[in-house]
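Tertiary structure, described
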Amino acid sequence: MKTSIASAMKCFRPGVAPTLVVLVLLPLMVGLGFWQLSRGHEKQRLVDSYTERRAADPVSSAQLNDITDPAFRRVQLRGQFDAEHSVLLDNRMRDGKAGVELLQPFHDQASGLWLLLNRGWLPWPDRRTPPVFSTPEQPLNLQAWVYVAPGETFQLHADPAGAQWPRLLTALHPAALWAELGRNGFAYELRAEAGPGTYETTWPIVAMGPEKHLAYAVQWFAMSLALLALYLYLGWHNKKEKPHGSGHESTQHV
């Protein structure tokens, strides 16, 4: 058995360059596959949490600061918008169309707490003219849910500080806004459910669903297997090939 294994190993000659390529690429591709699986599990937990909490009864805004994990919690509100300090969150696409999300401070009457309420998505097809929106002046009864961003938004350049209102931003930082306005505000964005004073409120739970991460993981593992199979094939094929011209040397004239 040992002799046959040793003989087989002698027949396997893949070459230095293919071996180096496999040593570099194979661990990388396998690692990317497991990373995609991990991201898929994280997204599935988010989707499950969203589904569970959206089915629960809404809480009052007075309870928000006492909740350890407020993500996706539904909230019952009654109060008024502050139209003077509107925020337009830029680079928000819907169905291939460019637009913005409109956020405004909302003063809840029951708790006295300020909330940064996302009223929904607005199209912005022509950047030469500002987006058009209106703000209800009367008190409103609304339902919303807490959105906790999974991470920091990537920005090529930081948003300018102290810009005029309505303020166009690429990333949202509620705590900085409340500090600027000198108000006691909730630390996270709230996204309004469809109702009075809202625009397009069909919110995606995650930008990429867990099924897509699983599909990407399968692709990485498949490419890893293909690379390994090609490496093994080349290793055996190279040994089986005879040196070029070796079959003709014995017939040459002396």
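Residues numbered from 1 in each chain as written. Predicted model: local features only at pLDDT ≥ 70, side-chain atom pairs only at ≥ 80, totals over all residues. Heavy atoms only, no water.

By the naming in an unreviewed UniProt entry, the protein is SURF1-like protein, taken from Pseudomonas azadiae. According to UniProt, the comment filed for the protein under the heading Sequence similarities (unreviewed entry) is "Belongs to the SURF1 family." (UniProt positions renumbered as here; feature names shortened; annotations may be inferred.)

1. Focus on the side chain of Arg-94
Within the secondary structure layout, Arg-94 lies in strand 3 (residues 87-94). Comment: no salt bridge for buried Arg-94; closest opposite-charge side chain is Glu-200, at 4.1 Å. Each residue touching Arg-94, except ones within four places of it in the same chain, is listed here: Glu-101, Trp-121, Glu-200, Thr-202, Trp-203 and Pro-204. (Helix = DSSP H or I, 4+ residues; strand = E, 2+ residues; numbered from the N terminus. Buried < 20%, exposed > 50% of the residue type's maximum accessible area, 1.4 Å probe, protein only. Lys, Arg positive; Asp, Glu negative; His and termini not counted. Salt bridge = Lys/Arg side-chain N within 4 Å of Asp/Glu carboxyl O. Contact = heavy atoms within 4.5 Å.)

2. Observations regarding the environment of Ser-224
Within the secondary structure, Ser-224 sits in helix 4 (residues 210-240). For Ser-224, a relative accessible area of 5% gives the class buried. Put simply, Ser-224 and Gly-33 are 191 residues apart on the chain and 9.1 Å apart in space, counted from C-alpha to C-alpha. In this view, Ser-224 contacts Leu-26, Met-29 and Val-30; residues no more than four positions away in its chain are not counted.

3. Concerning the nonpolar core
Core analysis: the biggest nonpolar cluster contains 16 residues, and Leu-64, Val-75, Leu-77, Leu-115, Leu-117, Phe-186 and Leu-190 have the highest contact counts within it. Going through the elements one at a time, strand 2 (74-81), strand 5 (114-123), strand 6 (140-147) and strand 8 (185-192) are the ones with two or more residues in this core. Considering every element that reaches this core, the biggest residue donor is strand 6, with four residues. In contact with Leu-117, other than residues within four places in its own chain, are Leu-77, Phe-81, Leu-102, Leu-103, Gln-104, Phe-106, Leu-142, Ala-144, Leu-190, Arg-191 and Ala-192. Listed in part, the eight residues of the second largest apolar core include Val-87, Leu-116, Leu-169 and Trp-178. (Core = buried A, V, L, I, M, F, W, Y, C linked by side-chain atoms within 4.5 Å.)

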